[in-house]
Amino acid sequence: QKEVEQDPGPLSVPEGAIVSLNCTYSNSAFQYFMWYRQYSRKGPELLMYTYSSGNKEDGRFTAQVDKSSKYISLFIRDSQPSDSATYLCAMTQTGANNLFFGTGTRLTVIP
Amino acid sequence: GAVVSQHPSWVICKSGTSVKIECRSLDFQATTMFWYRQFPKQSLMLMATSNEGSKATYEQGVEKDKFLINHASLTLSTLTVTSAHPEDSSFYICSARRSGGLYEQFFGPGTRLTVL
């Protein structure tokens, strides 16, 4: 079993829709959670960073962490064609050097 | 803030030659830098972790004599692909963690290597 599971998609939604992206994980020691956006042929860009459980909002993006279920989500409101990209979740634990990545979900927002 | 650059952005070389890729943190100091490899439509594969002033730690299956990493300063790490072969063609991405920061990594734009 992989440490981090993420549905690869692809996911297509119409412009303006609410998008929900999710990851599950198996290591209960994970406490630091990140979401990255990667456009084709570019490096990943950090979107959201959260610690432990709870919600964090930044503009149209909301990150949720449910440690009891080992489940994290990224919501995108009022999705735009420019949101079309691959979204990677990543996480780690205290003292670790590496990040553990999901495989990424390809999102297409259709105008 | 937290900008990471990579150079070159793409390179084409002949089989048997060596290629050096630079990774720089432009506006912060990075005690730890990471090198990843990414194949089309796949996720990131960590190759090695480099700490300033010490030897890099390579992931299992990554040949340290083929992929030479030097982290000479708090803002610069280099990856040299020695005696490159067509199977080394890939997208190479570096990332950096801020000194005194938490666990987030900031990624460079990537370098596309094509070995003929």
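Preceding block: the structure.
The rules behind each value
Residues numbered from 1 in each chain as written. Chains lettered and ligands numbered in written order. Predicted model: local features only at pLDDT ≥ 70, side-chain atom pairs only at ≥ 80, totals over all residues. Heavy atoms only, no water. Contact = heavy atoms within 4.5 Å. Buried area = accessible area lost by both parts, 1.4 Å probe. Salt bridge = Lys/Arg side-chain N within 4 Å of Asp/Glu carboxyl O. Polar contact = N/O pair within 3.5 Å; in protein donor to acceptor, adjacent residues only side chain to side chain. Helix = DSSP H or I, 4+ residues; strand = E, 2+ residues; numbered from the N terminus. Disulfide = S-S within 2.5 Å. Buried < 20%, exposed > 50% of the residue type's maximum accessible area, 1.4 Å probe, protein only. Core = buried A, V, L, I, M, F, W, Y, C linked by side-chain atoms within 4.5 Å. Phe/Tyr/Trp six-rings, centres within 6.5 Å; stacked < 30°, edge-to-face > 60°. Pairing = 2+ DSSP bridges. Axes fitted to C-alpha atoms, helices over the stretch in contact; angles between N-to-C directions.

1. So, the interface of chain A and chain B
Of the residues lining the interface, 23 residues belong to chain A; the matching set on chain B comes to 23 residues. For the pair chain A and chain B, the two sides together bury roughly 1700 Å², of which 55% comes from carbon and sulfur. Inspection of the region where chain A meets chain B yields zero salt bridges. Our count for the chain A to chain B interface comes out at eight residue pairs in polar contact (both at pLDDT 80 or more). Elements with a minimum of two residues in the side of chain A that touches chain B: β4 (32-38), β5 (45-51) and β9 (85-92) of chain A. Per-element tally for the side of chain A that touches chain B: the top contributor is β4 of chain A, with four residues.

2. Concerning the state of the cysteines
Residue and element names in this part refer to chain A. By the definition in use, this model includes two disulfides over all chains. Across the disulfide, Cys23 is cross-linked to Cys89 (sulfur-sulfur distance 2.0 Å). Taking the torsion about the sulfur-sulfur bond, which here is approximately -100 degrees, the covalent link between Cys23 and Cys89 counts as left-handed. Linking Cys23 in strand β3 (residues 19-25) with Cys89 in strand β9, this pair joins segments that are 66 residues apart in sequence. A relative accessible area of 1% places Cys23 in the buried class.

3. Here's the deal with the nonpolar core
Generally speaking, nonpolar side chains in soluble globular proteins are found buried as a group. By size, the foremost hydrophobic cluster in this structure holds 26 residues, and its most contacted members are Val4, Phe28, Trp35, Phe67, Leu79, Tyr92 and Leu113 of chain B. Residue assignment for this core shows that the elements contributing at least two residues are β2 (10-13), β3 (19-25), β4 (30-38), β5 (45-51), β7 (67-73), β8 (76-81), β9 (90-98) and β11 (111-115) of chain B. Leave out the neighbours within four places in its chain, and Tyr92 of chain B touches Gln6, Ile21, Tyr36, Arg37, Met47, Phe67, Leu79, Gly110, Thr111 and Leu113 of chain B. If you look at the next biggest cluster of nonpolar residues, it comprises 24 residues, including Cys23, Met48, Ile72 and Tyr87 of chain A.

4. Re the side chain of Ser90 of chain B
Residue and element names in this part refer to chain B. By the element assignment, Ser90 lies in strand β9. What makes Ser90 buried here is its relative accessible area of 5%. Side chain to side chain, Ser90 and Arg37 meet in a polar contact 3.4 Å long. In terms of polar contacts, Ser90 uses its side chain to reach the backbone carbonyl oxygen of Gln38, at 3.2 Å. In contact with Ser90, not counting residues within four places along its chain, are Arg37, Gln38, Phe39, Thr111, Arg112 and Leu113.

5. Brief notes about the packing of aromatic side chains
With the rule as written, the count across this model stands at 12 aromatic pairs over all chains. Ring centres 5.4 Å apart and planes at 45 degrees place the aromatic pair Tyr36 of chain B and Phe107 of chain B in the tilted group. Of this pair, Tyr36 of chain B sits in strand β4 while Phe107 of chain B sits in strand β10 (residues 106-107), placing them 71 residues apart in sequence. Three or more aromatic residues joined by ring pairs make a cluster, and in this case those are Tyr25, Phe30, Phe33 and Phe100 of chain A.

6. With respect to the sheet that holds β8 of chain B
Residues and elements named next belong to chain B. Within the open sheet, the four strands sit side by side as β1-β3-β8-β7. Their pairing is antiparallel. The open sheet has two edge strands with one neighbour each: β1 (4-7) and β7. Here the strands of the sheet are splayed against their neighbours by 15 degrees on average, with no regard to which way each runs. Sheet topology places β1 next to β3; four bridges connect them, and they run antiparallel. Bridging from a neighbouring strand, His7 pairs with Glu22 of β3.

Just distances and angles here, no functional claims.
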